[in-house]
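# An overview of the molecular structure
This is what each chain is made of:
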Amino acid sequence: MTLTRLHEMADRDEKIAMLTCYDATFAKLMEHAGVDILLVGDSLGMVLQGAENTLNVSMHHMTYHTKSVAAGAPNALIIADMPVGSYEHDNEAAYKNALWLIRSGAQMVKFEGGGDRVQTARYLIDRGIPVCAHLGFTPQSVNQLGGYKIQGKTEESAHQITQDAIDMSNAGVSLIVLEMVPATLAKHITESIKALTIGIGAGVDCDGQVLVIQDLLGIYNGAASKQPHEFKAPRFVKNFLCETNSVKQAVSNYVNAVKSKTFPTPEHSY
Ligand code: KIV
């Protein structure tokens, strides 16, 4: 999988199927099930480490899991998240950390936010590192955003997210993850920019979709410190395992649902 192929897919309106992945076994399974992009997400802080959020994830965690995923899926396009604290302060540190992820086996790095982050994206891209932006609900800012809340509902916030997407696209980012924004806003952004959009809780009109693998399998039920009954899965989550008794088939059904535009439905969107 290459960026050129992703653009060819978007040109012929073929949707991109992306999933989070943290180890070699799942990486191999996903590559063979036709997943286009594997995201080594810092969601690993929640789904692997049991934390309440992604704020304790380090560069060591990210490089360890990126190496494992790259070992299992030598042909996949792998994106690695830059964890909180690894890119915000100065561009040279961001570059060194991004390079560490690339040397661990990623082809692209992802980080959260617009505004000042646009110049960080430009700095990395000018030095040959492909970048995926992440706008809308940005989990590393969960405390600032006051919890897991849909973004872009007011005119002002919708305008800010659109402008950030335009600026990131003009800076040369390849992909933009749009998380928990109204489907109409995601559609408008997708139609307005050159970068490809990947939605999670952003409606069916993005260029592709991403889910956390544990959510797709219906096995995530909240932080380790909480009781399972206290957890309510977000609206955009769909359990693909309950329709089959095979993990590989569940992943493959997700890929088919994304490609046939039957996932996400309006019930999975805002
Ligand atoms: O860390 C992650 O898994 C992500 C996805 C939710 C897009 O950023």
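The structure reproduced in this document is the subject of the present report. Predicted model, so just to flag it, every value in this text is computed and none were measured. Each chain carries its own residue numbering, running from 1 in the direction its sequence is written. Given that the model is predicted, a residue must reach a pLDDT of at least 70 before its local features are reported, and side-chain atom pairs must reach 80 or more before they are shown or counted; all residues, however, enter totals for whole chains, interfaces and linings. Only hydrogens and water are set aside when side-chain values are computed; all heavy atoms of the structure are taken into account.

Let us now look at the site of the ligand. Close to the ligand lie Thr 20, Leu 39, Gly 41, Asp 42, Ser 43, Asp 81, Lys 110, His 134, Val 177, Ile 200 and Val 210, which account for all nearby residues. The site holding the ligand turns out to be the largest pocket. By the convention adopted, Pro, Cys, Tyr, Trp, Phe, Met, Ile, Leu, Val and Ala count as nonpolar, Lys, Arg, Asp and Glu as charged, and the other residues, Gly among them, as polar. Classifying every residue of the shell around the ligand by side-chain character gives four nonpolar, four polar and three charged. Proximity is defined per residue: any heavy atom of the residue falling within 4 Å of a molecule or strand makes that residue near it. The rule is simple: put a 1 Å grid over the protein atoms alone, call a set of points where a 1.4 Å probe fits but cannot get out a cavity, call an open set with protein on both sides within 12 Å along at least five of seven lines a pocket, and count a residue as lining if it has an atom within 4 Å of a point. For this analysis, a molecule is said to be in a pocket or cavity if more than half of its atoms are within 2 Å of the grid points defining it.

Turning our eyes to something else, we now look at the nonpolar core. By size, the foremost hydrophobic cluster in this structure holds 88 residues, and its most contacted members are Leu 19, Leu 38, Leu 124, Ile 176, Leu 178, Leu 216 and Tyr 254. Among the elements that take part in this core, helix 11 (residues 247-259) stands out by supplying six residues, more than any other. Contacts were defined at the residue level, with two residues in contact if any of their heavy atoms lie within 4.5 Å. Leave out the neighbours within four places in its chain, and Leu 38 touches Leu 19, Cys 21, Ala 27, Met 30, Val 69, Ala 73, Ala 76, Leu 77, Ile 78 and Ile 79. Buried residues of nine kinds, namely Ala, Val, Leu, Ile, Met, Phe, Trp, Tyr and Cys, make up a nonpolar core once their side-chain atoms join them within 4.5 Å. Relative accessible area decides the class of each residue, using a 1.4 Å probe on protein chains only: under 20% of the type maximum gives buried, over 50% gives exposed, and in between gives partly exposed. Per the convention used, a helix needs a DSSP run of H or I reaching at least four residues, while a strand needs a run of E reaching at least two, with both numbered from the N terminus.

Bringing the pairing of strand 8 (residues 208-211) into the picture now. The side chains of a regular strand alternate between both faces of the sheet. The alternating pattern of strand 8 places Gly 208 and Val 210 on one face and Gln 209 and Leu 211 on the opposite face, and all of these are buried. Bridge analysis of strand 1 (residues 16-20) against strand 8 gives four bridges, and the strand direction is parallel. What sits directly across from Met 18, in strand 8, is Val 210. Relative to strand 8, strand 7 (residues 196-200) runs parallel, the two sharing two bridges. When the sheet's bridge partners are listed, Ile 198 is paired in strand 8 with Gly 208. Strands pair, by our definition, only if DSSP identifies at least two bridges between them.

We now examine the sheet that holds strand 4 (residues 108-112). The strand order 1-2-3-4-5-6-7-8 describes a closed barrel built from eight strands, whose pairing is parallel. Between one strand and the next, the sheet's axes are offset by a mean angle of 25°, whatever the strand orientation. Pairing between strand 5 (residues 131-136) and strand 6 (residues 175-179): five bridges, direction parallel. The residue of strand 6 that forms the bridge with Gly 136 is Glu 179. Think of each axis as a best-fit line through the C-alpha atoms, taken over the contacting stretch in the case of a helix, with angles from 0 to 180 degrees between the N-to-C directions. Sitting on the sheet, helix 5 (residues 91-103) is in contact with strand 3 (77-81) and strand 4, with an inclination near 135° to strand 4.

Glancing now at the side chain of Gln 214. By the secondary structure assignment, Gln 214 is in helix 10 (residues 213-216). In contact with Gln 214, not counting residues within four places along its chain, are Tyr 22, Val 47, Leu 48, Ile 219 and Tyr 220.

This brings us to the pattern of salt bridges. When a carboxyl oxygen of Asp or Glu lies within 4 Å of a side-chain nitrogen of Lys or Arg, that pair is called a salt bridge. Under the counting rule described, the total for this entry stands at eight salt bridges. One salt bridge in this structure joins Asp 13 and Lys 261, with 2.6 Å as the shortest N-O distance. With a gap of 248 residues between them, Asp 13 in the loop between helix 1 (3-11) and strand 1 and Lys 261 in the segment after helix 11 connect regions that are remote in the sequence. A salt bridge links Lys 187 to Glu 191; its shortest N-O distance comes to 3.0 Å. Of the two residues, Lys 187 and Glu 191 both sit in helix 9 (residues 183-192), four residues apart, roughly one turn of that helix. For Lys 187, a relative accessible area of 35% translates into the label partly exposed. Residues joined in a network through salt bridges with shared partners are Arg 12, Glu 14, Asp 36 and Lys 259.

Their axes nearest at 9 Å, the elements helix 6 (residues 117-126) and helix 8 (residues 155-171) cross at an angle of 15°. As the angle between them shows, helix 6 and helix 8 are arranged roughly parallel. Our pair here, helix 6 against helix 8, has a crossing hand that is right-handed. On the side of helix 6, the interface is formed by Arg 117, Val 118, Ala 121, Arg 122 and Ile 125, while helix 8 contributes Asp 167, Met 168 and Ala 171. In this scheme, roughly parallel covers angles under 35 degrees and roughly antiparallel covers those over 145, while 65 to 115 is roughly perpendicular and the rest are oblique. Each crossing gets its hand from how the near helix is turned against the far one by less than a right angle, where anticlockwise is left-handed and clockwise is right-handed.

Most of strand 5 is tucked away: six of the six residues are buried. Because side chains alternate across strand 5, one face comprises the buried residues Val 131, Ala 133 and Leu 135, and the other comprises Cys 132, His 134 and Gly 136, equally buried. Where strand 4 and strand 5 come together, four bridges link them in parallel fashion. Pairing of Glu 112 across the sheet is with His 134, part of strand 5. A clockwise path from the first strand over the helix to the second, with the strands pointing away from the viewer, defines a right-handed crossover. For the crossover from strand 4 across helix 6 to strand 5, the handedness is right-handed.

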